[in-house]
Amino acid sequence: MRITINGGEYEAAEDETILGVAERNHIDIPTLCYHPDLKPEARCRLCVVEVEGKLETACNTKVREGLVVVTENQQISEARKLNIELLLANHGHTLDEDNELVRLARRLGVKKIRGEPLPEKSLDSSCFSLYRDNNKCVLCGKCVQKCQDVQGVEAIGYVGRGYHTEVAPPLNHKLSDVACVNCGQCAAVCPAEAIVEKDDSSRVFKALASEKKVVVQTAPSVRVSVGETQGLEPGLVSTGKLVAALRRLGFDAVLDTNFAADLTIVEEAHELIERIQNKGTLPMMTSCCPGWVKYVEHFYPKLLPHVSTCKSPQQMFGALSKTYLAESRGWDPGDVISVSVMPCTAKKYEINRPEMSDSGRRDVDFVLTTRELGRMLNQKNINLGELPDERYDDLMGASTGAAAIFGASGGVMELLSALRQTL
Ligand code: FES
């Protein structure tokens, strides 16, 4: 079918929304509660457009033959501005913040936030990975949908009624008391910084300024995503510049989690062979992801015997940094601080699991997400684009690179079976 947007004619599929057609044709419509992975609930009303004289939300309005849409005029601008002013009213935001909600408010012409913040809403710092501040939550609902519909966890939902509605775990429990797997997908989609990763950057800066030996490992994905935190092209592989930047921050050793990923392949392959030969529990499932391990513990405990007993690459690496690495460099293991840069907030939870201290010390002391590392680089005016390419330190910076497919479905098992054929 064909529809008209701003006077131009466009092809549209039967089940497409106005927003879908507009985005495909590079016609800008502001959105806040919309996310391509989620069913549109049209909670924010910032995507209003004019359809045959009436304002309708573009994110959930399906096209129909001959539809005539206008995406910009005075009435639309005023409606969008009013809607975002009402969203922001009585919340703990200021107009100089740098988050999706406030950036959009500035773009829509908001100059002043209406009303005073409401009486204190709930704060939650109980979990190792995430921090919630409901004074900033505008109930866009993306975190709830992501947790419930995509992750299948349901650690958060809506509590209270009407004006008193808040996003929180059931019965307003703390996140640490419910079956949250610490995956951080809620924080990844929150436009208002009402749920954020717990920021460890100041503790890492403090360690770097101390006399301690501070070593860092970087997960495979970080080299691909860190550039985006500094405005480089999304997906650009910045391995050498990442290494150079970490040296500029002052790390005493810059190492690659890929090294421990190879060890994981060897360890898990041995375990698999041992299970096959001794009629152990099969199939064996990987234990590389702490979010997955916690998910099994909460929701499928009967499957726990299927999960490999090996530590994840992050934890193997942490243990080695306080044993093998310390010994090979002549460092007192007690003086080593182990930092990892990881793509996922569940890694912050993982380092705090009680069993993750086989060396007699905590294997990994701090986890930074890629976003935290990006903020640290910005604070120190370290510009990835201006740095030369440097190489990871030997030996724990060397690897086969096989970890590149760990994150793909079946990736670890593919490598295990490849290794098994060569053993
Ligand atoms: S983006 Fe359409 S209503 Fe929120």
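Conventions adopted
- Residues numbered from 1 in each chain as written.
- Predicted model: local features only at pLDDT ≥ 70, side-chain atom pairs only at ≥ 80, totals over all residues.
- Heavy atoms only, no water.
- Helix = DSSP H or I, 4+ residues; strand = E, 2+ residues; numbered from the N terminus.
- Rg over C-alpha atoms; globule rule 2.2 N^0.38 Å.
- Buried < 20%, exposed > 50% of the residue type's maximum accessible area, 1.4 Å probe, protein only.
- Contact = heavy atoms within 4.5 Å.
- Lys, Arg positive; Asp, Glu negative; His and termini not counted.
- Charge placed at Lys NZ, Arg CZ, Asp CG, Glu CD.
- Pairing = 2+ DSSP bridges.
- Axes fitted to C-alpha atoms, helices over the stretch in contact; angles between N-to-C directions.
- Parallel < 35°, antiparallel > 145°, perpendicular 65-115°, else oblique.
- Core = buried A, V, L, I, M, F, W, Y, C linked by side-chain atoms within 4.5 Å.
- Domains from an automatic or database assignment.
- Buried area = accessible area lost by both parts, 1.4 Å probe.
- Salt bridge = Lys/Arg side-chain N within 4 Å of Asp/Glu carboxyl O.
- Polar contact = N/O pair within 3.5 Å; in protein donor to acceptor, adjacent residues only side chain to side chain.
- 1 Å grid on protein atoms, 1.4 Å probe; cavity = no way out; pocket = protein on both sides within 12 Å on 5 of 7 lines; lining within 4 Å.
- Points joined across faces, edges and corners; volume = space filled by probe spheres on them.
- Nonpolar A, V, L, I, M, F, W, Y, C, P; charged D, E, K, R; others polar.
- Patch = residues over 30% accessible without salt bridge, like charges linked within 9 Å, V, L, I, M, F, W, Y side chains within 5 Å.
- Areas by Shrake-Rupley, 256 points an atom, 1.4 Å probe, with all protein chains shown as cover.

1. A word on the overall build of the protein chain
- In terms of regular secondary structure, the protein chain is built from 15 helices and 14 strands.
- At 24 Å, the protein chain has a C-alpha radius of gyration in line with the 22 Å of a compact globule built from 423 residues.
- If you line up the protein chain on its principal axes, its C-alpha atoms span 75 × 50 × 45 Å.
- Out of the 423 residues in the protein chain, the part that is buried amounts to 51%.
- Looking at the protein chain alone, contacts between residues at least 24 apart form 70% of all its contacts between residues at least 6 apart.
- Side chains of the protein chain give 49 positive and 58 negative charges; the mean places of these two sets differ by 3 Å.

2. What to know about the sheet that holds strand β12 (residues 253–256)
- Strand order in the open sheet formed by four strands is β12-β11-β13-β14, with parallel pairing between adjacent strands. Each edge of the open sheet carries a strand with a single partner, namely β12 and β14 (366–369). When strand polarity is set aside, the average angle formed by the axes of neighbouring strands in this sheet is 25°.
- Pairing between strand β11 (residues 213–218) and strand β13 (residues 336–342): six bridges, direction parallel. From the neighbouring strand, V215 faces β13, where its bridge partner is S338.
- Strands β11, β13 and β14 of the sheet are contacted by helix α6 (residues 201–208), whose axis makes an angle of about 125° with β14.

3. Brief notes about the packing of helix α9 (residues 257–277) against helix α11 (residues 313–321)
- Two elements in contact, α9 and α11, have axes whose closest approach is 8 Å; the angle formed by their N-to-C orientations is 110°. Considered as vectors, α9 and α11 are oriented roughly perpendicular to each other. Here T257, F259, A260, A261, L263, T264 and E267 of α9 lie close against α11, whose contacting residues are P313, Q314, M316, F317 and L320.

4. Some remarks on helix α10 (residues 290–299)
- Inspection of α10 places P290, G291, V293, K294 and V296 among the buried residues, and these make up the whole buried set.
- Contact partners of the buried residues in α10: α13 (346–350).

5. Description of the nonpolar core
- Judged by nonpolar contacts, the single largest core of 35 residues is most densely connected at L32, L46, I84 and I156.
- A domain-level breakdown of this core finds at least three residues from each of domain 1 (1–117) and domain 2 (123–197).
- Excluding its chain neighbours within four sequence positions, the residues that come into contact with L46 are P30, L32, R80, N83, I84, L87, L104 and L108.
- Listed in part, the 33 residues of the second largest apolar core include A219, V222, L249 and F366.

6. Here we look at the domain arrangement of the protein chain
- Each assigned domain of the protein chain is listed with its residue range as follows: domain 1 (1–117), domain 2 (123–197) and domain 3 (201–422).
- Inter-centroid distance (C-alpha atoms) of domain 1 to domain 2 is 24 Å.
- With 19 residues of domain 1 at the interface, the matching set in domain 2 holds 17 residues.
- Between domain 1 and domain 2, roughly 1,500 Å² of surface is buried when both sides are summed, and carbon and sulfur atoms account for 53% of that area.
- For the domain 1 face of the interface with domain 2, the top three residues by lost area are L38, R43 and H91, together amounting to 31%.
- Residues K146 and D37 are paired through a salt bridge, measuring 3.3 Å at the closest nitrogen-oxygen approach.
- Counting every contact that joins domain 1 to domain 2 gives 11 residue pairs in polar contact (both at pLDDT 80 or more).

7. Considering the layout of surface pockets
- Estimated volume of the second largest pocket: approximately 280 Å³.
- What lines the second largest pocket is a set of 16 residues, and nearest its centre among them are S287, V293, C310, E355 and M356.
- Per element, the largest residue contribution to the lining of the second largest pocket is three residues, and it comes from α10.
- Looking at the lining of the second largest pocket residue by residue, the classes come out as six nonpolar, four polar and six charged.

8. A few points about the environment of E268
- Along the chain, the position of E268 falls in helix α9.
- Here the alpha-carbon distance between E268 and D177, two residues 91 residues apart in the chain, equals 32 Å.
- Not counting residues within four places of it along the chain, the set of residues in contact with E268 comprises M284, T286, S287, C288, S308, C310, V412 and L416.

9. Focus on empty space enclosed by the protein
- Scanning the model with the defined rule gives three cavities of 30 Å³ or more in all.
- Quantified by volume, the largest cavity comes out at close to 120 Å³.
- Looking at the largest cavity, it is lined by 17 residues, and the ones nearest its centre are C147, A155, C180, C183 and C186.
- Those elements that provide at least two residues to the lining of the largest cavity are β7 (130–133), α4 (142–150) and α5 (185–189).
- Looking at the lining of the largest cavity residue by residue, the class counts come to 11 nonpolar, four polar and two charged.
- By volume, the second largest cavity is sized at about 100 Å³.

10. Some points on a nonpolar patch on the surface
- A surface patch of nonpolar side chains, amounting to about 250 Å² of accessible area, comprises F299, Y300 and L303.
- Following the sequence through the fold, F299 ends up in helix α10.
- Residue classification places F299 among the partly exposed residues on the basis of a relative accessible area of 30%.

11. A look at the environment of R371
- Topologically, R371 is positioned in helix α14 (residues 370–379).
- By relative accessible area, which is 39% here, R371 ends up partly exposed.
- It is 23 Å that separates the C-alpha atoms of R371 and R353, two residues lying 18 residues apart in sequence.
- Each residue touching R371, except ones within four places of it in the same chain, is listed here: A187, E197 and T229.
- A distance of 2.7 Å separates a polar atom in the side chain of R371 from a polar atom in the side chain of E197.

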